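An overview of the molecular structure
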Amino acid sequence: MDILRRNNVRVMGPEHGRPLVLAHGFGCDQNLWRFVASGLAEHHRVVLFDYVGSGRSDLTAWREERYASLDGYAQDVVDVCEALDLRDAVLVGHSVSAMVGVRAAAAAPDRIGSLVMVCPSPSYIDDAEYRGGFSAADIEELLDMLESNYLGWSAAMAPVIMGNPDRPELGEELTNSFCATDPEVARVFARTTFLTDARQDLKTVAVPTLILECEQDAIAPREVGAYVHASIPGSSLVTLPAIGHCPQLSAPQATLAAITTFLETLE
């Protein structure tokens, strides 16, 4: 199979620059990186792709049994890295893709040498002293609504996820992105995203890691950023002057600056 076509892969920047693989989150596609990708591509080889089932990927390649686990998405990342023969790449993962990146790095340590986690959450459900931001009942209600009325769910949830109510065009963009996703794909991806507990995966991280959080984030509160930081020895935590769960859209310059500063430490 042609992986580059399957995952709608695009490459920007100098051929011999350090590779950066930008992995989008649930309900999105590579387009949400557009405000930071060109800046990163000035000095780095930037790889953009869509998970199978998202964006302009080959939907015929989607299989529920593969994408009902983070491992299926991690395999997409590894497949792209192998197709381009990337070495020591930096995996920049947004939201659920931060944890996908952890699994991809464990599966292909020669391919992925560093991680940037943008608004990560290893588990969205509160558990004893861990605060993920939602109760189990909250998540089940969210998933039930998504499955019964996906378009309505998208219209209601996208502005909450995006934040920035004074900039409604951002919420509208995320709503449109959600609505463009096949409802069956979205159902499986949502359950994988919101029901997976990947806290133990954090113990496997042994590469340089940057964690980016926002000052206010309804999906991944700052307690989660602190937890991820404490769980990955040697990691760096940066709180962006941003609101919402998608700083690459709402605060691209701050996001780009934080990633660039981190990349400089790797040289």
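Scroll up for the structure.
Residues numbered from 1 in each chain as written. Predicted model: local features only at pLDDT ≥ 70, side-chain atom pairs only at ≥ 80, totals over all residues. Heavy atoms only, no water.

Take the overall build of the chain next. Counting secondary structure elements, the chain contains 12 helices and seven strands. Whereas a compact globule of 267 residues would reach a radius of gyration of roughly 18 Å, the chain reaches 17 Å, a difference of no more than 12%. By principal-axis analysis of the C-alpha atoms, the chain measures approximately 45 × 40 × 35 Å. Looking at the chain as a whole, 57% of its 267 residues qualify as buried. As displayed, the chain has an accessible area near 10900 Å², and 51% of this comes from carbon and sulfur atoms. If the 19 positive side-chain charges of the chain are averaged to one point and the 37 negative ones to another, these points end up 5 Å apart. (Helix = DSSP H or I, 4+ residues; strand = E, 2+ residues; numbered from the N terminus. Rg over C-alpha atoms; globule rule 2.2 N^0.38 Å. Buried < 20%, exposed > 50% of the residue type's maximum accessible area, 1.4 Å probe, protein only. Areas by Shrake-Rupley, 256 points an atom, 1.4 Å probe, with all protein chains shown as cover. Lys, Arg positive; Asp, Glu negative; His and termini not counted. Charge placed at Lys NZ, Arg CZ, Asp CG, Glu CD.)

With 69 residues, the main nonpolar core has Val77, Met117, Leu174 and Phe178 as its most contacted residues. Excluding residues within four positions of it along the chain, Phe178 makes contact with Phe26, Gly27, Cys28, Tyr150, Trp153, Ser154, Ala158 and Ile161. Within the second largest apolar cluster, 25 residues are counted, among which are Val36, Leu212, Ala251 and Leu263. (Core = buried A, V, L, I, M, F, W, Y, C linked by side-chain atoms within 4.5 Å. Contact = heavy atoms within 4.5 Å.)

Turning our eyes to something else, we now look at the pattern of salt bridges. Scanning the model with the defined rule gives 21 salt bridges in all. Between Arg87 and Asp110 there is a salt bridge; the shortest N-O distance is 3.0 Å. Of the two residues, Arg87 sits in the loop between helix H4 (70-83) and strand E4 (89-94) while Asp110 sits in the loop between helix H5 (96-107) and strand E5 (112-118), which places them 23 residues apart along the sequence. Where Arg199 meets Asp197, a salt bridge forms, and the shortest distance between an N and an O atom there is 2.7 Å. Of the residues examined, Arg199 reaches a relative accessible area of 14% and is grouped as buried. (Salt bridge = Lys/Arg side-chain N within 4 Å of Asp/Glu carboxyl O.)

With that settled, consider the sheet that holds strand E1 (residues 10-12). Two strands in a sheet stick together by hydrogen bonds in their backbones, pointing the same way (parallel) or opposite ways (antiparallel). A sheet is described by the order of its strands in space; here seven strands give the open sequence E1-E3-E2-E4-E5-E6-E7, paired in mixed fashion. The open sheet terminates on both sides in strands that have one partner only, identified here as E1 and strand E7 (236-243). Averaged over all adjacent pairs, the angle separating strand axes in this sheet is 20 degrees, with direction ignored. In the sheet, E5 pairs with strand E6 (residues 209-216) via four bridges, with the strands oriented parallel. Within E6, the residue paired with Val116 across the bridge is Leu210. In the packing of helix H10 (residues 222-231) onto the sheet, the strands contacted are E5, E6 and E7, and the crossing angle to E6 comes to about 165 degrees. (Pairing = 2+ DSSP bridges. Axes fitted to C-alpha atoms, helices over the stretch in contact; angles between N-to-C directions.)

Here we take up the packing of helix H6 (residues 136-148) against helix H7 (residues 150-162). Two elements in contact, H6 and H7, have axes separated by 5 Å at closest approach and are oriented at 130 degrees. The pairing of H6 with H7 is recorded here as oblique in orientation. Contact residues: Leu142, Met145, Leu146 and Ser148 in H6; Tyr150, Gly152, Trp153, Ala156 and Met157 in H7. (Parallel < 35°, antiparallel > 145°, perpendicular 65-115°, else oblique.)

We now examine empty space enclosed by the protein. Tallying each qualifying case throughout the model produces three cavities of 30 Å³ or more. Lining the largest cavity are 14 residues, with Phe26, Ser95, Ile161, Phe178 and His245 sitting closest to its centre. Elements supplying a minimum of two residues to the lining of the largest cavity: helix H8 (168-179) and helix H9 (183-195). A class-by-class count of the residues in the lining of the largest cavity yields nine nonpolar, five polar and no charged. (1 Å grid on protein atoms, 1.4 Å probe; cavity = no way out; pocket = protein on both sides within 12 Å on 5 of 7 lines; lining within 4 Å. Points joined across faces, edges and corners; volume = space filled by probe spheres on them. Nonpolar A, V, L, I, M, F, W, Y, C, P; charged D, E, K, R; others polar.)

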